[in-house]
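Chains, contacts and geometry: an overview
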Amino acid sequence: DNRQTDTIIFLRDLQIKTGRLKENIPFPFEADFNLTLDNHGQKSSLPRSGDITMQGNATLFLQERHLRLEDLRLDATIKGKSLPKRGLKFGLATNSDIQLPQQKITIKDFSLTHENITLQGNGTYENFTDPQVTMTLKVPECSPQAILQQRKDTQPLVRNKNAFALLSANLRIKGSRDLIEVTDLTMKVDETTVTG
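The structure displayed is predicted, hence computed values, not measured ones.

Here we come to the overall build of the chain. Scanning the chain from N- to C-terminus turns up 1 helix and 11 strands. Put simply, the chain has 196 residues, and 28% of those count as buried. When contacts within the chain are restricted to residue pairs at least 6 apart in sequence, long-range pairs at least 24 apart make up 39% of them. As displayed, the chain offers around 13500 Å² of accessible surface, 52% of which is attributable to carbon and sulfur atoms.

Right under this line is the structure:
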């Protein structure tokens, strides 16, 4: 119950299945659950709920308070008033290290996919009380126009139907709550390249 934002987060229909739990030895796991935001009837453009399925291998290092997740695969369907009725489907594949004493999460080789758009990268999230984020991100070549056509969106992105046929990007992000710095940016849209 987040009283600051007057939001309650519900975790529903949770099912977890694991292999034999042993310290320092990887074990397989599967989980299914629903996350729902309740804004006490207030209107919000934020997604309202998500059905999430995840599976992978976990290793517990209890003495070090350290969790390693390998071959993690997460599939989610996000629903909300501003989203299509069927919701938006996302897939995430990654390997991660969660070190509680150091307050550090290392995300390795993640791949976030929605339809034919993929976001790839690596990064760290440190200091849980005053978060510091460092990430290297890449958007491999994709077509935003093709996604809109698949959705049969009635509003064209631009008048020229051949525009936004190609998009790709590379960038580095470093930041905190107060400041986000984007460096090493290279973005290509159709025949236009932007660097900065």
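Next, the rest of the story.
A cluster of nonpolar side chains, I9, L11, L14, I16 and L35, forms an exposed patch at the surface whose accessible area comes to about 480 Å². A per-element tally of the nonpolar patch places strand β1 (residues 8-18) first, with 4 residues. With respect to the helices, strands and loops of the structure, L35 is situated in strand β2 (residues 27-38).

Looking at the chain, pLDDT values average 86 and 87% of them are 70 or higher. Here helix α1 (residues 144-151) is the element of the chain with the lowest mean pLDDT, 72, and strand β9 (residues 167-175) is the one with the highest, 95.

Another aspect to go through is the nonpolar core. Counting residues in each nonpolar core, the largest one holds 11 residues, listed as F27, F29, A31, F33, I52, M54, A58, L69, L72, L74 and A76. At the level of secondary structure, the elements contributing two or more residues to this core comprise β2, β3 (49-61) and β4 (66-79). Once residues lying within four places of it in the same chain are set aside, the contact partners of F27 are T18, G19, R20, L21, K22, G56, N57, A58 and L60. Core analysis: the next-biggest nonpolar cluster, separate from the first, contains 5 residues, V139, L167, A169 and V189 among them.

Across the sheet, which stays open at both edges, the 11 strands sit in the order β1-β2-β3-β4-β5-β6-β7-β8-β9-β10-β11 with antiparallel pairing between neighbours. Looking along the sheet, the strands with just one partner apiece sit at the ends: β1 and β11 (192-195). Direction aside, neighbouring strands of the sheet carry axes that sit 15° apart on average. Sheet topology note: the β1/β2 ladder contains 9 bridges and is antiparallel. Counted as the bridge partner of R12 is N34 from β2.

Right, let's get into the packing of aromatic side chains. Throughout the structure, instances matching the rule amount to 1 aromatic pair. Residue placement shows R12 over the ring face of F10; its charged tip is 4.5 Å from the ring centre.

This paragraph deals with unusual backbone geometry. Backbone geometry follows two general trends: most residues other than glycine have a negative phi, and most peptide bonds adopt the trans configuration. A positive phi angle, near 60°, is found at N127, a position not held by glycine. For N127, the location among the structural elements is in the loop between β7 (117-126) and β8 (132-142). Take N127: its relative accessible area is 30%, and that puts it in the partly exposed class. Positive phi values are uncommon outside glycine, yet D190 reaches one of about 55°.

This part is about the side chain of S96. Along the chain, the position of S96 falls in strand β5 (residues 88-99). Using a relative accessible area of 9% as the deciding quantity, one classes S96 as buried. In contact with S96, other than residues within four places in its own chain, are L67, R68, L69, T106 and I107.

Enumeration over the complete set of coordinates arrives at 3 salt bridges. Among the salt bridges present, the one from D97 reaches R68, with a minimum N-O distance of 3.5 Å. With D97 in strand β5 and R68 in strand β4, this pair connects stretches of sequence that are 29 residues apart. We note a salt bridge from D97 to K108, for which the minimum N-O separation is 3.5 Å. Of the two residues, D97 sits in strand β5 while K108 sits in strand β6 (residues 104-114), which places them 11 residues apart along the sequence. Beyond isolated ion pairs, a larger network of salt bridges with shared partners links R68, D97 and K108.

Basis of the calculations
- Residues numbered from 1 in each chain as written.
- Predicted model: local features only at pLDDT ≥ 70, side-chain atom pairs only at ≥ 80, totals over all residues.
- Heavy atoms only, no water.
- Helix = DSSP H or I, 4+ residues; strand = E, 2+ residues; numbered from the N terminus.
- Buried < 20%, exposed > 50% of the residue type's maximum accessible area, 1.4 Å probe, protein only.
- Contact = heavy atoms within 4.5 Å.
- Areas by Shrake-Rupley, 256 points an atom, 1.4 Å probe, with all protein chains shown as cover.
- Patch = residues over 30% accessible without salt bridge, like charges linked within 9 Å, V, L, I, M, F, W, Y side chains within 5 Å.
- Salt bridge = Lys/Arg side-chain N within 4 Å of Asp/Glu carboxyl O.
- pLDDT = per-residue confidence, 0-100.
- Core = buried A, V, L, I, M, F, W, Y, C linked by side-chain atoms within 4.5 Å.
- Pairing = 2+ DSSP bridges.
- Axes fitted to C-alpha atoms, helices over the stretch in contact; angles between N-to-C directions.
- Phe/Tyr/Trp six-rings, centres within 6.5 Å; stacked < 30°, edge-to-face > 60°.
- Lys NZ or Arg CZ within 6 Å of the ring centre and 35° of its normal.

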